[in-house]
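These are the residues of each chain, in order.
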Amino acid sequence: MQIRAHTCGRPTLLFSPRFYVILLILGASRSPDRIEQYTRNTAIVRVFVTGACGYKGSVLVPKLIAAGHDVVAFDIQWFGSFLQPHPNLTIVKGDVRHPGEVELDGIDAVIHLSSVANDPCGDLDPKLTWEISCLATMQLADRAARAGIRRFIYASSGSVYGVSDAPEVTEDLELLPLSEYNKTKMCGERIVLSYRQDMAVQIVRPATVCGYSPRMRLDVSVNMLTMQALAKSIITVFGGDQTRPNIHIDDITDLYLFLLDNPQHTGIYNAGFENISILDIARMVTERVPAEIVITPSSDPRSYRLNSDKLLATGFRPKKTVGDAIAELVGLYRQGVLKNEERHYNLQWMQKTVMS
Ligand SMILES: NC(=O)c1ccc[n+]([C@@H]2O[C@H](COP(=O)([O-])OP(=O)(O)OC[C@H]3O[C@@H](n4cnc5c(N)ncnc54)[C@H](O)[C@@H]3O)[C@@H](O)[C@H]2O)c1
């Protein structure tokens, strides 16, 4: 095949034949899969993100915008909002329990992150926890389906498995959630799955997330132990033998983008890549920050090893590690960007503000 320009009725090559050979080689290297991926990645989607001002949301929303999407960031803002204004970002301060505040016109996809987001907070007011994390999930999914939205990504939790001695916790294991928080997530999953005829339902069971976010959480294990070492030079480990899976905040937020780009991967996915005992996390911290480790008895028996092979089979790959998270937190603390503030601890902050 030759590409020609016609001048004075006589076909002539515009460039040397070598140029056209290179063009053909480049064209052939774009396999159908790569072209499809490219098309998906460039499609602009209007995304409604609940809990968008939270720890994960504050990292996810800027990534969605950078990927070219329009975002409606919906949050009750218990912990404030650290999202920066952008022409493609609409920030709505609202409550998922109030369907009238949830405006889904023109939305293509929902990423549902809002919840009372850990065990002790869930126990503060179980009715509130069930209303936000479960009943409102039902109302949101129902409204999304009625609005003709075709994609729904739900942030469940790896803690739905409870205590498990299974060497590898896979998605098909029986769920034995222990806390109100875990139970709302288990029920939330079933609710969302009941809409899978209407929408591409993608459920993530993340491990404990670690790393820096503009809306910081210091009540999650890696972050908490790192801050203890930095601020007090003592790390208190409760029990220490419990094995917990971890995922870096950059990876969990990348995963939501990946799922948005790949609606064919429906169903439930574990997302945790490093199963490490709490004591070993503490030891990893002391490799970077000198600190004494004090071990005390624990009342928290949750221990499980997450297997994320199903997720890896989709082609998704994590890029960061617990070690990266620790190093980043240490660096940001020493630069004065990260501070040990009350707002960064969900339980204390909820007791002081939401419950008062
Ligand atoms: N961080 C983790 O380690 C982790 C692990 C597994 C699962 N998850 C899940 O991921 C999601 C996000 O977690 P996170 O760490 O960002 O938590 P987060 O507490 O930082 O964020 C939750 C957000 O939800 C908002 N919210 C609470 N109630 C609301 C309501 N009624 N209406 C609107 N917004 C409301 C809060 O203001 C907050 O900004 C949660 O559902 C959590 O259960 C988190």
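The model shown is predicted, which means the values in this text are computed figures rather than measured ones.

**Comments concerning the overall build of the protein chain**
Part 1 of the reasoning: When its secondary structure is counted, the protein chain shows 12 helices and 14 strands.
Part 2 of the reasoning: Counting across all 356 residues of the protein chain, residues that qualify as buried make up 40%.
Part 3 of the reasoning: Within the protein chain, contacts between residues at least 6 apart in sequence are counted, and of these 77% link residues at least 24 apart.

**Observations regarding the pairing of strand S11 (residues 243-248)**
Part 1 of the reasoning: Burial within S11 is extensive, with 5 of its 6 residues counted as buried.
Part 2 of the reasoning: Two strands pair when backbone bridges link them, and strand S9 (residues 208-210) and S11 are joined in this way by 3 bridges, in the parallel orientation. Within the sheet, the bridge partner assigned to Cys-210 lies in S11 and is His-248.
Part 3 of the reasoning: Sheet topology places S11 next to strand S13 (residues 274-277); 4 bridges connect them, and they run antiparallel. What sits directly across from Pro-245, in S13, is Asn-275.

**Some thoughts on the site of the ligand**
Part 1 of the reasoning: Near the ligand there are 29 residues, and of these Gly-51, Gly-54, Tyr-55, Ser-115 and Val-209 occur at the shortest range.
Part 2 of the reasoning: Here the residues of the shell around the ligand sort into 13 nonpolar, 10 polar and 6 charged.

**Focus: the packing of helix H9 (residues 278-286) against helix H11 (residues 322-334)**
Part 1 of the reasoning: The contact between H9 and H11 brings their axes to 10 Å, and the two run at 45°. Between H9 and H11, the interaxial angle falls into the category oblique. With respect to the hand of their crossing, H9 and H11 are arranged in right-handed fashion. In this structure, H9 contributes Ile-281, Met-284 and Val-285 to the contact, and H11 contributes Val-322, Gly-323 and Ile-326.
Part 2 of the reasoning: By residue class, the composition of the contact of H9 with H11 is 5 nonpolar, 1 polar and no charged.

**Let's talk about helix H7 (residues 221-232)**
Side chains that are three or four residues apart share a direction in an α-helix, a result of its 3.6 residues per turn.
Part 1 of the reasoning: For H7, which comprises 12 residues, the first-to-last C-alpha distance of 16 Å matches the rise-based estimate of 16 Å (1.5 Å per residue) to within 8%.
Part 2 of the reasoning: Along H7, 9 of the 12 residues are buried, which leaves the element largely enclosed by surrounding structure.
Part 3 of the reasoning: Three or more residues of H7 are buried, namely Ser-221, Val-222, Asn-223, Met-224, Leu-225, Thr-226, Met-227, Gln-228 and Ala-229.
Part 4 of the reasoning: As for H7, its buried residues are in contact with S9, strand S10 (234-238), S11, H9 and H11.
Part 5 of the reasoning: Backbone geometry just downstream of H7 places Ser-233 in the positive-phi region, at approximately 60°.

**Focus on the nonpolar core**
Part 1 of the reasoning: Ranked by internal contacts, the top residues of the largest apolar core, which has 87 residues, are Val-49, Ala-73, Val-110, Phe-152 and Val-285.
Part 2 of the reasoning: Here this core gets 6 residues from one element, more than from any other, and that element is helix H8 (residues 249-261).
Part 3 of the reasoning: Filtering out sequence-adjacent residues up to four positions away, Ala-73 remains in contact with Val-49, Ala-52, Cys-53, Gly-57, Val-61, Leu-83, Leu-89, Thr-90, Ile-91 and Val-92.

**Section: helix H3 (residues 57-66)**
Part 1 of the reasoning: Buried within H3 are the following residues: Gly-57, Ser-58, Val-59, Leu-60, Val-61 and Leu-64.
Part 2 of the reasoning: In this structure, the buried residues of H3 make contact with strand S3 (46-50), strand S4 (70-75), strand S5 (89-93) and H8.
Part 3 of the reasoning: After H3 finishes, the residue Gly-68 shows a positive phi value of roughly 100°.

**Concerning the sheet that holds S11**
Picture the strands of a sheet paired through backbone hydrogen bonds; they go either parallel or antiparallel.
Part 1 of the reasoning: A sheet is described by the order of its strands in space; here 3 strands give the open sequence S9-S11-S13, paired in mixed fashion. Only two strands of the sheet have a single partner each, and these edge strands are S9 and S13. Adjacent strand axes in the sheet meet at a mean angle of 45°, parallel and antiparallel pairs treated alike.
Part 2 of the reasoning: Against the sheet, H9 makes contact with S11 and S13, and its axis sits at roughly 90° relative to S13, the strand it touches most.
Part 3 of the reasoning: Strand contacts of H11: S9, S11 and S13, with the helix running at about 65° to S11, the strand carrying the most contacts.

Rules used in this analysis
Residues numbered from 1 in each chain as written. Predicted model: local features only at pLDDT ≥ 70, side-chain atom pairs only at ≥ 80, totals over all residues. Helix = DSSP H or I, 4+ residues; strand = E, 2+ residues; numbered from the N terminus. Buried ≥ 20, exposed ≤ 12 C-beta atoms within 10 Å, placed from the backbone. Contact = placed C-beta atoms within 7 Å. Pairing = 2+ DSSP bridges. Near = placed C-beta within 6 Å. Nonpolar A, V, L, I, M, F, W, Y, C, P; charged D, E, K, R; others polar. Axes fitted to C-alpha atoms, helices over the stretch in contact; angles between N-to-C directions. Parallel < 35°, antiparallel > 145°, perpendicular 65-115°, else oblique. Left-handed = near helix turned anticlockwise from the far one by under 90°. Expected span 1.5 Å × (residues − 1). Core = buried A, V, L, I, M, F, W, Y, C linked by C-beta atoms within 7 Å.

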